[in-house]
Structure formats: structure tokens, C-alpha cells
Amino acid sequence: MTTPAAGKAFAHRLLADMLRIRRLEEKCAELYGATKIRGFLHLYIGEEACAVGVLHALGPGDNIVATYREHGHALVRGIAMGAIMAEMFGKASGCSGGRGGSMHLFDQATRFYGGNAIVGGGLPLAAGLALADKMQGREGITACFFGDGAMAEGVFHETMNLAALWQLPVLFCCENNFYGMGTALHRAQAQTDLCVKAAAYPMATAKVDGMDVLAVHAATLEAAARVREEGRPFFLELQTYRFRAHSMFDPDLYRDKAEIEAWKKRDPVDTFPARLRAEGRLTDAELRALEAAAEAEVAAAVKFAEAAPLEPVETLLRDVHTPEGEP
Amino acid sequence: MTTPAAGKAFAHRLLADMLRIRRLEEKCAELYGATKIRGFLHLYIGEEACAVGVLHALGPGDNIVATYREHGHALVRGIAMGAIMAEMFGKASGCSGGRGGSMHLFDQATRFYGGNAIVGGGLPLAAGLALADKMQGREGITACFFGDGAMAEGVFHETMNLAALWQLPVLFCCENNFYGMGTALHRAQAQTDLCVKAAAYPMATAKVDGMDVLAVHAATLEAAARVREEGRPFFLELQTYRFRAHSMFDPDLYRDKAEIEAWKKRDPVDTFPARLRAEGRLTDAELRALEAAAEAEVAAAVKFAEAAPLEPVETLLRDVHTPEGEP
Amino acid sequence: MKTSYREALRQALHEALSSDTRVFLMGEDVGRYGGAYAVSKGFYDEFGPERIRDTPLSELGFVGLGVGAALGGMRPIVEVMTVNFSLLALDQIVNAAAVLRHMSGGQFSVPVVVRMATGAGRQLAAQHSHSLENWYAHIPGIRVLAPATIGDARGMLAPALADPDPVVIFEHAQLYNLEGELPADWRCDIRSAAVRRPGSQVSVITYGGCLPKALQAAEMLAAEGIDAEVVDLRVLRPLDTEAIAASVGKTHRALVVDEGWKTGSLAAEVVARIVEDSFYDLDAPPRRLCSAEVPIPYARHLEEAALPQAETIAAAVREMLNA
Amino acid sequence: MKTSYREALRQALHEALSSDTRVFLMGEDVGRYGGAYAVSKGFYDEFGPERIRDTPLSELGFVGLGVGAALGGMRPIVEVMTVNFSLLALDQIVNAAAVLRHMSGGQFSVPVVVRMATGAGRQLAAQHSHSLENWYAHIPGIRVLAPATIGDARGMLAPALADPDPVVIFEHAQLYNLEGELPADWRCDIRSAAVRRPGSQVSVITYGGCLPKALQAAEMLAAEGIDAEVVDLRVLRPLDTEAIAASVGKTHRALVVDEGWKTGSLAAEVVARIVEDSFYDLDAPPRRLCSAEVPIPYARHLEEAALPQAETIAAAVREMLNA
Ligand SMILES: Cc1ncc(C[n+]2csc(CCOP(=O)(O)OP(=O)(O)O)c2C)c(N)n1
Ligand SMILES: Cc1ncc(C[n+]2csc(CCOP(=O)(O)OP(=O)(O)O)c2C)c(N)n1
Ligand SMILES: [Mg+2]
Ligand SMILES: [Mg+2]
């Protein structure tokens, strides 16, 4: 499927962003082993087409709410890779001042309302942001990312009803990677067709191949347009797969290798360039250049993070409350 | 609609129970005014056909979980009217020892697991009781009563999924009286067809006229049979209406009189005897006798409650923990 | 001007809604019904359904929406009907409202106000009679208020809304019908405790629904020649420890009265602060009078016995002074 | 026999599952995954999916199912992955498990055991580092345990399951990898506190994840000739006040160490009990060392500074003795 937006330059941007996420996270895994990064680290490797396809279909006035698996979203949304890496290093120059770490990347400038380590915790926040926009007559919509597992939480139910009832401009983006930690979707939810679940609120829905960045982008453009025009929520299911374990603590013993291998054949970072090459829209030189750029950016980000300062312990009690005088 | 079970004697029992509930609650309202009964008092007046129809279709081995609007359920299930009245008087001879009051009627002997003052709070308890029965190979099913408003709570969503996923023998009985306190169903939930909501989990569902005791009884027999045979949950929507305010504190300013009057024309305590009379299955004398019996029972219950002793203050700390030695 | 606690809350809300279009009220039955405690009666017709939002029974969801709307530039006042139901919403208060500013390195503040009724005394039984103020007072990132007078009912909302961070307001269910004079100077801060009755022999330190009982006890004691000072904490987080120390420094004796269960109560925190800050000022060990460690029973005589009462407060003071 | 805290918990669970068919384990990823902290690894294959139940992400729902299953005659062990997620399940713990026996006039007991990991120290940041033990210790109707040793990890589950009422067990996330000897007499009660290190000059009273830190501090102090007694509360509700009074009666000085935030902490309750029971035994005001009043930061150096550490415990003791 080809969309008008899918011109060559644009296709290259999508590919470039997927590569940036992939290289960034491969480096994160390495640095976790080297204990430069600590705490929980949830890799997005394999799911890049979702964040890239969705975020390229949104505008700067839109709000983004993400999960603890949000490095890719933060990066594509426009947070500097150095600020992301510094955050994971716990440095003061991190995008959350080193207070948040991997699961809590925030950025006011790009309306990135953060990673959230409570499964489903971002759902009502997103609906609330949309409510604020609606009441203030703002243009933007709010895109909320969450996983298949989150759909079993009561807060999903409450938020879907409120968004449908109050006609809030929320684009619900469910990244269905078929597992919630070690529990397969079919072992956690009796209704495995997530669109059927969402449609009951009622809400318009669409299911899309989350391994196909152009399909994700096209579906998001369409869904977002409906949210903007109708001022109603929309539920988008992105079927995808995580190639790595749930977190760095996960021995990943609950999935068969065959299943993982089958999905890896659909790796967007391989299939998309292959397709572009086949269509004569990407040369080996161009691909090498994109790869090189991503690697250079990662190297620079690590350098920045390494050099970044630690916050002095003396300011430990900062940012609990807003200082007098600040808005 | 007439079912084999709807023989004359049985029909009279159903009518008798509806009258017992009606007279009991009319007296409760009076005694609330006289400050004999305090706290919250939620009357079931108008909805009697639901409890009577459902509970007469269940057996002694089944579990019942109810809400704060449970006087009728407790009575029909078999708790002595005197013990119910004494409970509302806060007397030691109350069915909960005076500790619970109107919202917390309990009875181990009839597997009545109580009124619950937290909207939706009984849902997971019911599923847990069903899980215990299933794991222990017990025969019984669990009937769980709740309102339309409860369906917006997250715990409803979580319980429905768990019941469907684990195939638990629960009969979910939604008493849809179209209002949650002062908020109309259509102002609280975007999806007003509650069966559609339940069907998404997925679950078998049925909608029934909750003002027609025979229809409720027949639908419950069918639903309960399916739960027993298939060992799966079933969602039964009983469309009904409360003729009184939500509670004794409610000025009831949010419903138009016309709506209330229209529903009152369907009062089961009038329409059911009228129908039986028309079918020649009830004489005026028989009706007078049932009325008289209900009034006598209420009078005796009040007498019992008045005479019942108060628990001594010295035992205030009782029943927080199980005394040593008790199971 | 004679008024009631309920009316004072109502006026404060009316003023806030009238003066700032970013302010809106949301919660169960705040609109058509007029509020479970009739505090917002008439607002639905006056301000309309957009600004007086009846919510579904979805405590976690609508509190979370309030937090999100605050992030988005609004000034939501979220009414959780009672603290009992706030148990369902704690995740969004503790893991979102209270931490977002910190986790974002100071980028996002959450100017939300959450109001809820609290307390027992109306024979509503175990599930509807909680006093969990200390749970909230334990959490960094939120400010916790307990208006116990008509003046504070009128005055605390404005500064709470002006606070860029989350504020939780506890309104004791037994205070709504409290009648009295609205002081001319009802404007107040949300930082300091207040001495409601000056005294010299013992400090009775309390808050919320126990304040009227403590004042009543002080009157009874005065008749017996015992001069008790009554301190109203007003702000439960952060605690005004200076005010506590000042009172104890004067009276050398302290009784902390708290409707919460004794174990793990806010009263324990106050006692701990007293021994940390004023140990050598004490003529006797500080004492606590709290609720009995039992779920609140329905029966009136049992409920009364479970809660602090003016008589039991007075008795505790007598004991302390005769000891 | 040398073992680990994790292995001791595992053995206790294995024994319970093997010896009583009414016992089953349910929670997120307790089965196929083997438990978030690998405590139930292998159980899924050994006991099967009926008795080792992987649940959906539905904390309120499955905790409520546990309560209901207990009402129905089972002996459920519900694992809430961490206390942080228990915020979503509090309603069923506080408004169902804790009150059903009371509200039913003693007709229905709720023999459910709820296990959860607690605490900070692993750079998991603000939403994943809570220590809310005092919230639970505040609630009548539940018993609250904090196994802090390999012996208690092995011994506490059996009496908890034998208890006909709800029991909440807090396992500090930093203890799972603790290695050491399993005492021969690991069988224990769930009523009493324990003196983990006898001493004469000061009582360091603590529980859970702070116990190893307190013992380490005591060693450091011993090297300096300071003889500190370390008391492990073990049971957070009901508190063993006799044991606290006995220790303070001996040492005349108390430092309470608690990973919870200081304001409204369990440490405050312990201090209050000490002044109520042992005021005239005290040579100095009891002190508290708790977590700083800040959401726990991710950065390692900030997190370390926010929590009690062996060094800061030792320093606090020195100060008390030199004061
Ligand atoms: C409320 C809550 N419960 C449990 C957890 C622990 N946990 C973290 S991620 C996760 C699985 C979530 O699965 P899903 O929503 O599908 O997202 P995915 O990780 O697959 O992207 C679990 C159980 C949590 N963080 N929050
Ligand atoms: C969790 C919770 N939130 C709010 C309330 C206050 N409340 C009591 S009943 C009620 C309405 C419930 O409506 P519905 O479920 O339809 O039952 P009905 O009263 O109509 O029978 C509300 C809001 C409560 N008891 N519990
Ligand atoms: Mg998933
Ligand atoms: Mg209703």
C-alpha cells in the first residue's frame, strides 16, 4: 500500500527513524550490561514501525502519552538522543533531569507527557489532556500508547467510556505485541480481538500491521483525521512483536523460538529497506549512509551522556513542589 | 409468557414474596422517619420482580452476592424478616449482629454473602466464590446482583474478563434501573445497551423485562441452566425502575414525574395480581390473604426488632479477628 | 454573617468557577443531583454541563482525567464523593499527581484540587466511615487540607487552586451542617495551623471533625477550672510543626485527638514531632485519643463508643492533669 | 543449610501447595514466567495452571477474586507483584477482606494471604519504589508481616495460611538475593518482634529491608565500642509493644529506622508507643531515621541519599549517644 505521503524522502525519514531507535536500543542493552544504565530497561526492538508510523502522522500541537517502553517514541517525537541517553545514565542533563530514568522520559517542548511505569496509568492522563484541549478550544489531539496487557486493567474500561461519552479527541494506540510480560494475550484475555473490545464502548476502531511502517502511517493519518474532524476518540490496534525479552530481568522462557523467529522475518528494519530497494527507491549507498548516521548519533549521544554532570546530592529535595513564584 | 413452573401455587409464592418486600420496605421508610432506622437506607420498591424472579430460580447450594439495595434479596433468600429488621435497628439479634445495618445483611445459612456498600465491590467476590466452587468441584453457581451504574467501574471490566477467561459459573444479574444515583444511564455510559457491553468479553447475555416476575424467573432458569451445564458465566440484564429516591437523603430532583408515573403503571405488585386475576388464578380473597400475611409478618418483625437487645458496648472490639480456636 | 459549612464551601466553589474559566468541577452526581452533600446544588444550571461534569462511577478514571486536564492547563476540582471511594483512585493520586513534577525533572506541574468527604458518625458502617487522612499526609508531592471551620471552608479553596501542585481537601461529613458566623477575615493561608482556643495547661491538638468535639471538651474543662488550648492542624501535609512546638512549649502537655484508627495514625506523627522538637518542654508523656481499632460499626451506641467524643476528650485531659 | 531468602520463600510456598489442596497461588506472571522475582519458578509445571494461576493485569479484580475464593473455602495466596500496584487493589483489601468478618457479625472469615514485594534501592524510580507498609498497618482486620530474614521467609507463610483472617506479607525487593543459613528452628509465630542483636546502649528498631542495614550499622558501631541492640518488628500489625518496651527499658534510648517517608510513617507509631509505654525509661528523645520526603529518584546517588543506609544509621546512633 502506498500513500501520497510515501514519497522517497519521506520513506527515507521513516527508515532513518527506525534505524535510530534500533541502534539506540542495541547500545542501551550493551550499556546495561556495562552497568551504565540501571533500573528497568524495556526494549522496543522489533516494534519500531509502530512509533515511527504513528508519530510521523501527528503534528507538533498534538500531545503524546507513552509507556515505560518509550525510548522510540521519545526519540521520534524529537527528544535529543543525548538527552535520552543522559537520562538513562541518571545525569542532570537527562530529559527528566536524571530523576526519571528509562521509564520516565518527559519533554515539555514536544508535548511528550512521559513514559509511565504503571500499566494503563497513561490512559486517563491522555483523556484528561484531550478534555483540557477540548474545553480550551485547542486544535491538538492526544495520542496514547499502551499495550495489549493494559486492556485488562479497569482503568482502560473507565477511560474508554469517558472518552466515548464526552467525545474526547484521543487516538488510542494499542501496541499489541501479544504478550504482557510472560503472559500471552490469549491466556490473559478471553476476548483476543482487541478491536471488538474497544468497539463496545462504542468507538471506531482499526487493526493494522504494526510491522509495516507505511501501513501504520496511513492508518494513523486516517484515524487522526477522523479524531480531529469528529472530535471523537478512535482505537487503533497495531499488531507487532518484541524481539527481545520484556525487560533485562526477563529470561524469556515463555515464548517458543519458532514464534520469535517467524516474527523476526518481518523485522521492519529489514523488510522496509528491502521493499524500498525493490521499488528502486533506496540504494545500498543511501542505506549505508542512514546506518552510518544512526551509529554516529548513538556514539555522540553516549559521549554526551558520559560527559554530562550528576546533580549534586544537596538538591535532593528539588522538584517535589513547584518553587514559590513559578507558574 | 407462561412457564411450567408458573403453576398457581408457585405464582402465589412469587406474588407473596413481592408483597413481603413491598410492605417491609414501606415500613422501613416509616421507621426511618421515626429515626428507628439510621444510616443509609436504599429502597428496592418497584424492583421486586427482579429479586423474586431470580432467586426463585436458584437452589440452596447457590451463592448470592448483593448490593446495598438488598433487603428484598435477603428476605426472598430466606433471612427472617425479624432478623433483617433487627439489623436495621442495630440490635444484637440482627442478621449481622447490628454491625452492618441496612447495607450489610449477611447470612451464612442461606449462602447470602452480603450487601456491599461499594458499588461494584461484590463483583470480584462473586467470581472468587465461583472459582472456589469450581476448584472444589462443588455444584453451586454464584448469582451476583449489581446496578447499571456499576458497569462503568473498572472492577466490572476486570471481573467480566476473569469470569470469561477462567470459565467461572457466575450469573451476573444487572438490575438496570436506568439511574446511578442522580445520573441517568445515557449520561454515564456511552454504550447504553448493557448486553452489548457484556457480550464483548465475550459472554452470553439476555435482556429481560424486570417488571415481569415470570419473565425474570423464566430467563433466570434458562441462564442458570446454561451456567451449570457450560460452567461459563452469563450476563442477565433486568430492566427495571426504582419508584423511590436513591436513598433517604435524595430529594429526587433529576427524574421527571412523567417518567416515574409511566413506570409505576408497570408496578409488578399491581400488574402481576391483575394478570393472575384475569387468568382466573387469583381471587380477591386470596389476594387479601397474601396482603394480610405480609402485613402480619412486618408487624411481627418490628415487634421482634423493638424487643431485641443491644450488644453491650464492652464487646466493641469483637469480630475484628477470628477468636483463637475458631475455624 | 450567619452561614453554614456547606454554604461556605459552596460560595468558595462559586467564586472559583465565576472568576477563572480554567476551573471546572467534576465528580459523581455533582451536577443534576446537586452533589451528594448538596454543596454544588444549582451549579449545573448556572455553569452548565461542560463545567459541572457529572461523571460515571469511575473513580480511578475521572481522577486521572482531572490530573491530565491539569497537565493540559485547566484547574480541575475533582470531587470524590467520599474518601472511602478514593481507595479506587489512589493510583492516579499517588503514582501520577504526586510524582509527575518530580519524575519529569520539574517540567510538568499538576494543579489539580481533589475534594472528598471523610469520617464517620452517621451510622454508615464499616465501608463508609473511613478517616484515611494520614494515608494522604504520608505522600510527598501533595498538600493535604482539612477545613474544620466555616472560615476555612470558605477560605481554603482559593489558595488550593492557586497552588501549582496537587491539593487534597478533606471535608468531614459531620461538618456540612455546622452553622455559625462567617468571619470577615475568612481569607487564609494553607500553610499554618491555628490556635482555636488559647489555653495554658494542656494542648489539645486535632483537626477536621474532631475540632468541634475538642472545643466542646475545652468548655466542659473550663467549667472545672482546667484551661485547655485547642490547636487545629488545618494543614495535614506539610505539618506546621512550629505551631505545635509553640503550643506545647507553653502548656507542657499534649493530647492529640484524631478520628483515624490509633495505630499508624496522623496522631502518631504529631506525637513523634512533639518528642523530636519539644521533648524537654514536656511535663508528661503526650497522649493520643483516636478511634478504637475496629471497623466502624453500624449500631449507634457502638459507633459512638468507637469514636473520640467530647466526653472522652475531657476525660483524657483530666487524667493527664491528675496523673 | 545455606540458602537464599528467595529459596526460603519458595520452599514455604512449595510446602503449602503440597500439603493443602485448598491452597493455590495467583497473580501476574506467577506461572509461565516463574514470578517477577522468580519465587515460583517451576511451580507452573509442577502444580499446573489450576493451582498456579497467571492472572491478567487486573489487580483489583484478582485480589477481589482471592477474597471471594477465601470466603468460598479455599486458601488463596495472592501475589501482587509489588506494593506499587497494590494501590489499585486497596479497595478489595480495605473494604472487603478487612471488614467482611466484622460487617457480617462474625459469620464470614476471609483466610486470604496477600504477598507483595516492597521497597526501593534498585533505581526503579518514583512509581516503583514505594514503602507503604504503614498504610496497611493502619487497618484493623488484617495482619501485616515483614519477613526480613531467611528464617522468617521460610517460616511465616504457614502460620499466615493457618490464620483464618487476612494476612498481608511484605517481601522487600532487596532481600530476595540475601544469602545465609536457614536456621534449624525456622518455625515461628506471627505475633512477636525479635531481637536480632542484643545490645545495651541503644535500641535500633526496624523491619524489612532496613534490618540488614541496621545490623551492619551495629557492627560498625561495635567496632567503635558502641553496643546497639537491633529489634526486628517482624509483625507490623498488631505491633509487639511489649518487645519494644522491653528493649527500650533496657537501653533507655531508641532509634527507629523505616524506609517509609518520615511523615506519617510506621516509625512515628513506634515512637508514639515508646513515649506512651516507656516515657520514664527514656534517657533521650526517641529518634527516627526514615526516607527523605521526596519521590524516589532514579539516579543512583540520589536514590541512595534518599534512603536510610548503614552509614546514616550509625551516624544517627553516634549523635544520640554524644548528645
Ligand atoms: C499496574 C501494573 N501492574 C503490573 C505491572 C508490572 N508490569 C510491567 S509491564 C507489564 C506487562 C504489560 O504488558 P503490555 O501492556 O502488553 O505492554 P508491553 O510490555 O507488552 O509493551 C507488567 C505486568 C505494572 N508496571 N503496572
Ligand atoms: C465505588 C463507589 N462509588 C460511589 C458510591 C456512591 N453511590 C452509592 S450507590 C451509587 C449509584 C449506583 O448506581 P447503580 O449501580 O445503578 O445501582 P442502583 O443504586 O441504581 O441500584 C453511588 C454513586 C459508592 N457507594 N461506591
Ligand atoms: Mg504486550
Ligand atoms: Mg441503577
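Anything mentioned here points back to the structure above.
Cut-offs applied
- Residues numbered from 1 in each chain as written.
- Chains lettered and ligands numbered in written order.
- Predicted model: local features only at pLDDT ≥ 70, side-chain atom pairs only at ≥ 80, totals over all residues.
- Heavy atoms only, no water.
- Near = heavy atom within 4 Å.
- Areas by Shrake-Rupley, 256 points an atom, 1.4 Å probe, with all protein chains shown as cover.
- Nonpolar A, V, L, I, M, F, W, Y, C, P; charged D, E, K, R; others polar.
- Least-squares fit on C-alpha atoms with pLDDT ≥ 70 in both.
- Phe/Tyr/Trp six-rings, centres within 6.5 Å; stacked < 30°, edge-to-face > 60°.
- Buried < 20%, exposed > 50% of the residue type's maximum accessible area, 1.4 Å probe, protein only.
- Donors = N, O, S within 2.8 Å, 3.2 Å for Na, K, Ca; no water.
- Contact = heavy atoms within 4.5 Å.
- Buried area = accessible area lost by both parts, 1.4 Å probe.
- Salt bridge = Lys/Arg side-chain N within 4 Å of Asp/Glu carboxyl O.
- Polar contact = N/O pair within 3.5 Å; in protein donor to acceptor, adjacent residues only side chain to side chain.
- Helix = DSSP H or I, 4+ residues; strand = E, 2+ residues; numbered from the N terminus.
- Pairing = 2+ DSSP bridges.
- Axes fitted to C-alpha atoms, helices over the stretch in contact; angles between N-to-C directions.

Asks: Tell me about the site of ligand 2, residues and numbers included.
Replies: Around ligand 2, the surrounding shell holds 22 residues, and the nearest of these are Tyr 68, Arg 69, Ala 117 and Gly 149 of chain B together with Glu 59 of chain C. The site occupied by ligand 2 is bordered by residues of chains B and C. When ligand 2 sits alone it has 580 Å² of accessible area, and the protein chains cover 96% of it. A per-class count over the shell around ligand 2 returns 11 nonpolar, six polar and five charged.

Asks: How would you explain the relation of the copies chain D and chain C if you had to name every residue and give the values?
Replies: Overlaying chain D on chain C yields an RMSD of 0.0 Å, the required transformation being a rotation through 180° with an accompanying axial translation of 0.0 Å. Seen this way, the second copy is the image of the first under a two-fold rotation axis.

Asks: Tell me what's going on with the packing of aromatic side chains, and back it up with residues and numbers.
Replies: One pass over the full model with this rule turns up 36 aromatic pairs over all chains. Centroid distance Phe 279 of chain D to Tyr 280 of chain D: 5.1 Å. Interplanar angle 90°. Geometry classified as edge-to-face. The exposure class assigned to Tyr 280 of chain D is exposed, which follows from its relative accessible area of 66%. Grouped by ring-pair contacts, the aromatic residues Phe 178, Tyr 179, Tyr 241, Tyr 254 and Trp 263 of chain A together with Tyr 33 of chain D constitute a single cluster.

Asks: Tell me about the coordination of the magnesium ion (ligand 4), residues and numbers included.
Replies: Residue and element names in this part refer to chain B. Looking at the magnesium ion (ligand 4), one finds its protein donor set to be Asp 148 (OD), Asn 177 (OD1) and Tyr 179 (O), positioned 2.0 to 2.1 Å from the metal centre. In terms of primary sequence, the donors binding the magnesium ion (ligand 4) are separated according to D-x28-N-x1-Y. With respect to burial, Asn 177 and Tyr 179 carry one shared label: buried.

Asks: Describe the interface of chain A and chain C, listing the residues and the values that go with them.
Replies: The extent of an interface is frequently quoted as the accessible surface area lost upon association of the parts. Across the contact, 36 residues belong to chain A and 42 residues belong to chain C. For the pair chain A and chain C, the summed buried area comes to about 3,400 Å², and 64% of that belongs to carbon and sulfur atoms. On inspection of chain A and its partner chain C, the count reaches one salt bridge. We note a salt bridge from Arg 101 of chain C to Asp 319 of chain A, for which the minimum N-O separation is 3.7 Å. Our count for the chain A to chain C interface comes out at 14 residue pairs in polar contact (both at pLDDT 80 or more).

Asks: Let's hear about the interface of chain D and chain C: which residues, and what values?
Replies: Contacts between the two partners involve 50 residues from chain D, matched on the other side by 50 residues from chain C. Our count for the contact surface shared by chain D and chain C stands at eight salt bridges. Here Lys 262 of chain D and Glu 276 of chain C are joined by a salt bridge, their closest N and O atoms 3.9 Å apart. If you look at where chain D meets chain C, you find 21 residue pairs in polar contact (both at pLDDT 80 or more). At the level of secondary structure, the elements contributing two or more residues to the side of chain D that touches chain C comprise α5 (90-97), α6 (100-103), α7 (133-137), β13 (254-261) and α12 (266-278) of chain D. In terms of residue count, α12 of chain D provides more of the side of chain D that touches chain C than any other element does, seven residues in total. Of the residues contributing to the side of chain D that touches chain C, the split by class is 29 nonpolar, 12 polar and nine charged.

Asks: Give a detailed account of the site of ligand 1, specifying residues and quantitative values.
Replies: Contacts to ligand 1 come from 22 residues, most closely from Tyr 68, Arg 69, Ala 117 and Gly 149 of chain A together with Glu 59 of chain D. Close to ligand 1, residues of chains A and D are found. At 3.1 Å from a nitrogen atom of ligand 1 is found a main-chain nitrogen or oxygen belonging to Val 119 of chain A. Calculation on ligand 1 without its partners gives an accessible area of 580 Å², and the protein chains cover 96% of this total. Taken together, the residues of the shell around ligand 1 break down into 11 nonpolar, six polar and five charged.

Asks: Would you mind going over the coordination of the magnesium ion (ligand 3) in detail, with residue names and values included?
Replies: Reference values for coordination geometry: four tetrahedral donors around a metal ideally subtend 109.5 degrees, six octahedral donors ideally subtend 90 or 180 degrees. Residues and elements named next belong to chain A. Those protein atoms acting as donors to the magnesium ion (ligand 3) are Asp 148 (OD), Asn 177 (OD1) and Tyr 179 (O), and they sit at 2.0 to 2.1 Å. In the primary structure, the donors to the magnesium ion (ligand 3) are separated according to the pattern D-x28-N-x1-Y. Within this pair, whereas Asp 148 is found in the loop between β2 (142-147) and α6 (154-165), its partner Tyr 179 is found in strand β4 (residues 179-180), the two being separated by 31 residues in sequence. Take Asp 148: its relative accessible area is 2%, and that puts it in the buried class. Residue Tyr 179 is classed as buried on the basis of its relative accessible area of 10%.

Asks: I'd like a rundown of the sheet that holds strand β11 (residues 228-232) of chain D, residues and numbers included.
Replies: Residue and element names in this part refer to chain D. An order of β9-β11-β10-β13-β14 is seen for the five strands of this open sheet, with the pairing classed as mixed. Each edge of the open sheet is held by one strand with a lone partner, namely β9 (194-197) and β14 (287-291). The average undirected angle you get between the axes of adjacent strands in this sheet is 25°. Direction of pairing for β13 relative to β14: parallel, over a ladder of four bridges.

Asks: Just give me the short version of the sheet that holds strand β11 (residues 228-232) of chain C, but keep the residues and values in it.
Replies: Residues and elements named next belong to chain C. Strand order across the open sheet formed by five strands is β9-β11-β10-β13-β14, with mixed pairing between neighbours. The open sheet has two edge strands, β9 (194-197) and β14 (287-291), and neither has a second partner. Neighbour-to-neighbour, the strand axes of the sheet open up by a mean angle of 25°, direction not taken into account. In the sheet, β9 pairs with β11 via three bridges, with the strands oriented antiparallel. Across the sheet, Ala 194 pairs through a bridge with Asp 232, a residue of β11. Together, β10 (202-206), β13 (254-261) and β14 form the strand contacts of helix α12 (residues 266-278), whose direction differs from that of β13 by roughly 155°.

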